[in-house]
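If you want the building blocks of each chain, they are given just below.
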Amino acid sequence: MRIVLQGSLDHFGVRDLLAFVARSAQEGTFDAESAGERVRIALRGGQVIGTESAGTSDAGDAADAVAKLLQWSDGTFTFLDDVVIAEGAAPIAADIEALIAEAEMRIAEARRLADLYPDDSIKFRVVNRPPGEISLTAEEFQLLFQIGTGKSLAQLKSDSGRAAVDLYPIVKRLQMTGLIEPVADPDATSRDAGSPRVAPPAFATAVVSPISAPEPAPAAGKAATLSSRTPPAPAPPAPTPPAP
């Protein structure tokens, strides 16, 4: 195994390096390190045939490995003339340019989510007086119950098993509709821990429950009575005949 190319990521952009190596169609392994982290990308015939990053090596992590590399501005790299793939790794065949495009999309999405909630210790709770009737999806209704009297974003990610990319947009929609609010006092939820769990407002149940059949239209001539729901005024008394 020989080193074909090596250098510093301070002087060469990762995107250009990967594109250059792929265009050469040379078989080998791009190996990079930065701040104690390591990423390997194995190539053959201009195609990515395997990746390894943070101890993972399955095909689903290829774009994540490239995304991690693209965000490094310092570190070192080498390109070896032999393919090095983690033992038991599933073989893949992916175009490097397609992986770079996917990685850049993931980076942009991660930055957008970071702008929404830069700190996952932020806590939310269901508001006491929701603003009228609001339609909810099943996932929004479920998350509303999980939030209850107060949960942090980190707790919600753990409880729901959702990644930030799936969870944060739902939280944002609930906040924008006025159903949840940030907890101003970080200790408020801990003080309320012994209190009974507060369920989401009753209107939410009505919104997500099956819609009942509409009432039949009122008969002609009775619309005013049914719409106002007040009894009709009594008829005036008959005039009294004059005395003889």
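Residues numbered from 1 in each chain as written. Predicted model: local features only at pLDDT ≥ 70, side-chain atom pairs only at ≥ 80, totals over all residues. Heavy atoms only, no water.

1. What to know about the environment of Ala 89
Tracing the backbone through its elements, the reader meets Ala 89 in the loop between strand 5 (76-80) and strand 6 (94-95). The sequence separation of Ala 89 and Gly 50 amounts to 39 residues, and the corresponding C-alpha distance is 7.5 Å. (Helix = DSSP H or I, 4+ residues; strand = E, 2+ residues; numbered from the N terminus.)

2. Regarding the packing of aromatic side chains
Under the defined criterion, the tally for this structure stands at five aromatic pairs. Between Phe 30 and Phe 77, the aromatic rings sit 5.7 Å apart at their centres with planes inclined by 15 degrees, giving stacked as the arrangement. Remark: Phe 77 occurs in strand 5 and Phe 30 occurs in strand 2 (residues 28-34); sequence separation between them is 47 residues. Take Phe 77: its relative accessible area is 2%, and that puts it in the buried class. Here the aromatic residues Phe 12, Phe 30 and Phe 77 are joined through ring pairs into a cluster of three or more. (Phe/Tyr/Trp six-rings, centres within 6.5 Å; stacked < 30°, edge-to-face > 60°. Buried < 20%, exposed > 50% of the residue type's maximum accessible area, 1.4 Å probe, protein only.)

3. Here we look at unusual backbone geometry
The backbone of Ala 25 sits at a positive phi, close to 55 degrees, despite the residue not being glycine. Locating Ala 25 in the fold gives a position in the loop between helix 1 (14-23) and strand 2. In this structure, Ala 35 is a non-glycine residue whose phi angle is positive, near 50 degrees. With respect to the helices, strands and loops of the structure, Ala 35 is situated in the loop between strand 2 and strand 3 (37-44).

4. Focus on the confidence of the model for the protein
Confidence in the prediction for the protein averages 77 pLDDT; 73% of positions are at 70 or higher. When mean pLDDT is taken per element in the protein, strand 7 (residues 123-126) scores highest with 95 and helix 9 (residues 223-228) scores lowest with 32. Across residues 189-231, confidence stays below pLDDT 50; counting only partners more than four residues off in sequence or on other chains, it has 37 contacts. (pLDDT = per-residue confidence, 0-100. Contact = heavy atoms within 4.5 Å.)

5. Some thoughts on the pattern of salt bridges
What the rule picks out here adds up to 17 salt bridges. Arg 2 is paired through a salt bridge with Asp 81; the nearest N and O atoms lie 3.3 Å apart. Note that Arg 2 is positioned in the segment before strand 1 (3-8) and Asp 81 in the loop between strand 5 and strand 6, a separation of 79 residues in sequence. On the basis of relative accessibility, which here comes to 55%, the residue Arg 2 falls in the exposed class. (Salt bridge = Lys/Arg side-chain N within 4 Å of Asp/Glu carboxyl O.)

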